[in-house]
Amino acid sequence: MTHDELTRVGVVGGGLMGAGVAEVCARAGLDVVVVETSADSAAAAVDRLTKSLGRAAAKARVESVDAVMQHIDVVTDLTAMADRQLVIEAIVEDERAKVELFRRLDEIVTDPTALLASNTSSIPIMKLGVVTSRPHQVLGIHFFNPVPVLPLVELVPSLLTADEVTEQSRTFVQEMLGKHAIVSQDRAGFIVNALLIPFVLSAIRMLESGFATAEDIDRGLVLGAAHPQGPLALADLIGLDTTKAVAESLYEEFKEPLYASPPLLARMVDAGLLGRKSGRGFHTYD
Ligand SMILES: NC(=O)c1ccc[n+]([C@@H]2O[C@H](COP(=O)([O-])OP(=O)(O)OC[C@H]3O[C@@H](n4cnc5c(N)ncnc54)[C@H](O)[C@@H]3O)[C@@H](O)[C@H]2O)c1
């Protein structure tokens, strides 16, 4: 498949990331089908998409919300992925759920040259590839939040991914979506999170020990190190459940204390204080 031939993209999961991936693909003129688990979560995905596109339209970055939405179908049946040439999985960061999904996608997606990609932040791509009959067609295509805004994508080939699949994905990301691709080996955290998560966890430990307030920790990094936002605000943006899951995968892979999730993070996740998406994390949101 050349990039001229790639027109049909599937996105599994229409949450924070899946909706963003669907949006950038539709804005590139691709035909996009998003699969969600229920009518309610499909409606939430449509709402997320129209709100984000509304913001883009207000800044004249898209012609109209409706024009982009015409390229996107949100459904609840995974068999809608059958005719897709590229499927990007963006469901919850749960290894068992993703393994099961890749097994099903392998049965459902009919084109033997179709690429099966995961937006996972930390689950080894190899674990997803080996449950399919086409591990050479499976790779990580890891976007950053918010997807319509951040230009970076990490491409993560496993040991079994074909070189031409990585190159096709690079063309998709750079030429079709206008983003920048970097390539990481299939190691937990890839490049960016392996560096970023220990930094965020250190800020949580600093808060937990009473060393400083959340406001001062974040202000310190914004005003003193020119970060666009502080580490705790960043954790709120990523989602505290996702932050914890990524930290656990990093710890599992490397067994380094700097990747160990602090108790405060676990308690906040148990309390449903998940950051921006739940309205409250280290900071509160409207
Ligand atoms: N949040 C981030 O900053 C970020 C950044 C990069 C990558 N990721 C990764 O992207 C993935 C999704 O994260 P998110 O933040 O969008 O999570 P999210 O909780 O916002 O969205 C997940 C969505 O997947 C849906 N879902 C769950 N199981 C499904 C299934 N079997 N079929 C179809 N839909 C299903 C849920 O209903 C939900 O809407 C994770 O693997 C995460 O690690 C997250």
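Residues numbered from 1 in each chain as written. Predicted model: local features only at pLDDT ≥ 70, side-chain atom pairs only at ≥ 80, totals over all residues. Heavy atoms only, no water.

Engineer: Just give me the short version of helix α10 (residues 240-254), but keep the residues and values in it.
Structural biologist: Here α10 contains 15 residues, and its C-alpha end-to-end distance of 21 Å stays within 8% of the 21 Å for a straight helix at 1.5 Å per residue. When α10 is considered as a whole, its buried residues turn out to be L240, T243, K244, A245, V246, A247, S249 and L250. Check the buried side of α10 and you find it contacts α7 (192-208), α9 (231-238) and α11 (263-270). Once α10 ends, the next one or two residues include K255, with phi positive near 55°. (Helix = DSSP H or I, 4+ residues; strand = E, 2+ residues; numbered from the N terminus. Expected span 1.5 Å × (residues − 1). Buried < 20%, exposed > 50% of the residue type's maximum accessible area, 1.4 Å probe, protein only. Contact = heavy atoms within 4.5 Å.)

Engineer: Run through the site of the ligand, naming residues and quoting values.
Structural biologist: Lining the immediate surroundings of the ligand are 22 residues, of which M17, E36, E93, K98 and S121 lie closest. The separation between an oxygen atom of the ligand and a polar main-chain atom of L16 is 3.0 Å. Taking I238, its main chain carries an N or O atom lying 3.0 Å from a nitrogen atom of the ligand. For the ligand, whose free accessible area comes to 840 Å², the fraction covered by protein is 83%. For the shell around the ligand, the elements supplying multiple residues, two or more each, are α1 (16-27) and β6 (138-143). (Near = heavy atom within 4 Å. Polar contact = N/O pair within 3.5 Å; in protein donor to acceptor, adjacent residues only side chain to side chain. Areas by Shrake-Rupley, 256 points an atom, 1.4 Å probe, with all protein chains shown as cover.)

Engineer: Lay out the packing of aromatic side chains with the relevant residues and their values.
Structural biologist: In this structure the tally under the stated criterion is one aromatic pair. Ring plane angle 35° and centroid distance 5.6 Å describe the contact between F254 and Y259, whose orientation is recorded as tilted. Taking relative accessible area as the criterion, F254 reaches 33% and is therefore assigned partly exposed. The exposure class of Y259 is buried, given its relative accessible area of 9%. (Phe/Tyr/Trp six-rings, centres within 6.5 Å; stacked < 30°, edge-to-face > 60°.)

Engineer: An account of the pattern of salt bridges is needed here, citing residue identities and associated values.
Structural biologist: Summed over the entire model, instances satisfying the criterion amount to 14 salt bridges. In this structure, R170 and E167 form a salt bridge, with 3.2 Å as the shortest nitrogen-oxygen distance. Residue R170 and its partner E167 are both found in helix α6 (residues 163-176); the two are separated by three residues, about one turn of the helix. Among the residues examined, R170 registers a relative accessible area of 26% and is labelled partly exposed. Its salt-bridge partner being E248, residue K244 comes within 3.1 Å of it at the nearest N-O pair. One end of the pair, K244, and the other, E248, are both in helix α10, four residues apart, so they sit about a helical turn from each other. Connected through salt bridges with shared partners, the residues R8, D31, D83 and R84 form a single ionic network. (Salt bridge = Lys/Arg side-chain N within 4 Å of Asp/Glu carboxyl O.)

Engineer: So what's going on with α1? Which residues, and what values?
Structural biologist: Taking 1.5 Å as the rise per residue, α1 with twelve residues should run 16 Å; its terminal C-alpha atoms sit 17 Å apart, in good agreement. Within α1, ten of the twelve residues are buried, leaving the element largely enclosed by the surrounding structure. Listing the buried residues of α1 in full gives M17, G18, A19, G20, V21, A22, E23, V24, C25 and A26.

Engineer: Can you explain the environment of S158? Please cite residues and give values.
Structural biologist: Inspection of the secondary structure puts S158 in the loop between β7 (152-157) and α6. Owing to a relative accessible area of 9%, S158 belongs among the buried residues under this scheme. In this structure, the C-alpha to C-alpha distance between S158 and H142, residues 16 residues apart in sequence, is 13 Å. Every residue in contact with S158, bar those within four places of it in the chain, is listed here: I125, M126 and D186.

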